[in-house]
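Listed here are the chains, written in short residue letters.
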Amino acid sequence: AQSVAQPEDQVNVAEGNPLTVKCTYSVSGNPYLFWYVQYPNRGLQFLLKYITGDNLVKGSYGFEAEFNKSQTSFHLKKPSALVSDSALYFCAVRDMLAKGGATNKLIFGTGTLLAVQP
Amino acid sequence: EAEVAQSPRYKITEKSQAVAFWCDPISGHATLYWYRQILGQGPELLVQFQDESVVDDSQLPKDRFSAERLKGVDSTLKIQPAELGDSAMYLCASSLERTGGQYFGAGTRLSVL
């Protein structure tokens, strides 16, 4: 079964410093990977996705993610954190049908709370 | 920018009562999803519609939950009777096609007392 793991419940970083939010995946076949952000009492907002191609994916609000097949990781990064980046971040993988086809069901990690201190 | 609309934003109900949530997807989006997000966890898919047809409801507790999308546009998710463990955020999402990127609404936060 497809799954993602976010090993850190919370990440603390000072404003202006680089940030990394970690995600590892377990899939059969080629993974379709996503990052979403959730602000308090709001729905999820799409940040970026990896389907194929360049291992470095650029997304919204200056975020990027690096797909690493050998380490089965898809870590979210940003060169310089902002206080307004403080939110809950979810990594997700698209589920696969037993016969290898893609559904559109997303399987989410447990989330990582990013706290950026001024 | 087009958004997925959900109502109500908050719902408080007593155990054994019936509740209903409404979702209006982005115009033209054929695929609609209902997710449940329990506090401290990631969202879990309850049901996926393609137009008016259900394509995945394997995680929907069918003894008490029902979902419909009669005209293939807006959708209603119902719980009857509600239980304490149903307290969660219920998120609706839509996508242009069956494998497209998903856009989420703000959600309905349900509290069952």
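Residues numbered from 1 in each chain as written. Chains lettered and ligands numbered in written order. Predicted model: local features only at pLDDT ≥ 70, side-chain atom pairs only at ≥ 80, totals over all residues. Heavy atoms only, no water.

Report on the interface of chain A and chain B, specifying residues and quantitative values.
Between chain A and chain B, the contact holds 15 residues from the first and 25 residues from the second. Between chain A and chain B the total buried area reaches about 1500 Å² when both faces are included, carbon and sulfur atoms providing 49% of it. Its largest share of buried area at the contact with chain B, chain A owes to Asn-41, Asn-104 and Lys-105 of chain A, together 37% of the area lost on that side. Taken together, the connections running from chain A to chain B amount to 0 salt bridges. Counting across the chain A and chain B interface gives 2 residue pairs in polar contact (both at pLDDT 80 or more). Among the residues making up the side of chain A that touches chain B, the classes are represented as 6 nonpolar, 6 polar and 3 charged. (Contact = heavy atoms within 4.5 Å. Buried area = accessible area lost by both parts, 1.4 Å probe. Salt bridge = Lys/Arg side-chain N within 4 Å of Asp/Glu carboxyl O. Polar contact = N/O pair within 3.5 Å; in protein donor to acceptor, adjacent residues only side chain to side chain. Nonpolar A, V, L, I, M, F, W, Y, C, P; charged D, E, K, R; others polar.)

Before we move on, can you summarise the state of the cysteines with the specific residues and values?
Summed over the entire model, instances satisfying the criterion amount to 2 disulfides over all chains. What pairs with Cys-23 of chain A in a disulfide is Cys-91 of chain A, and their sulfur atoms sit 2.0 Å apart. As the torsion about the S-S bond is roughly -60°, the Cys-23 of chain A-Cys-91 of chain A disulfide counts as left-handed. With Cys-23 of chain A in the loop between β3 (19–21) and β4 (24–26) and Cys-91 of chain A in strand β10 (residues 87–96), the pair connects residues that are 68 residues apart, well separated along the chain. On the basis of relative accessibility, which here comes to 0%, the residue Cys-91 of chain A falls in the buried class. Between the sulfur atoms of Cys-23 of chain B and its disulfide mate Cys-92 of chain B the distance is 1.9 Å. (Disulfide = S-S within 2.5 Å. Helix = DSSP H or I, 4+ residues; strand = E, 2+ residues; numbered from the N terminus. Buried < 20%, exposed > 50% of the residue type's maximum accessible area, 1.4 Å probe, protein only.)

Can you explain the packing of aromatic side chains? Please cite residues and give values.
Per the stated rule, a full pass over the model turns up 13 aromatic pairs over all chains. Here the aromatic rings of Tyr-50 of chain A and Phe-74 of chain A are separated by 6.4 Å at their centres, their planes lie at 50°, and the arrangement is tilted. Residue Tyr-50 of chain A is found in strand β6 (residues 44–50), and its partner Phe-74 of chain A is found in strand β9 (residues 73–78); the two are separated by 24 residues along the sequence. In this pair, the class of Tyr-50 of chain A matches that of Phe-74 of chain A, namely buried. Ring-pair connections join several aromatic residues into one group, and the members of that group are Tyr-36, Phe-46, Phe-90 and Phe-108 of chain A together with Tyr-33, Tyr-35 and Phe-104 of chain B. (Phe/Tyr/Trp six-rings, centres within 6.5 Å; stacked < 30°, edge-to-face > 60°.)

Explain unusual backbone geometry to me, using residue names and the numbers behind them.
Glycine aside, residues mostly have negative phi angles, and peptide bonds mostly take the trans form. Residue and element names in this part refer to chain B. Of note, the amide linkage connecting Ser-7 to Pro-8 takes the cis form, showing an omega dihedral of -5°. For Pro-8, the location among the structural elements is in the loop between β1 (5–7) and β2 (10–13). With an omega of -5°, the peptide bond running from Gln-80 to Pro-81 counts as cis. Within the fold, Pro-81 resides in the loop between β8 (75–79) and β9 (88–95). The backbone phi angle of Ser-16 is positive, close to 80°, even though this residue is not glycine. Checked against the element boundaries, Ser-16 lands in the loop between β2 and β3 (19–24).

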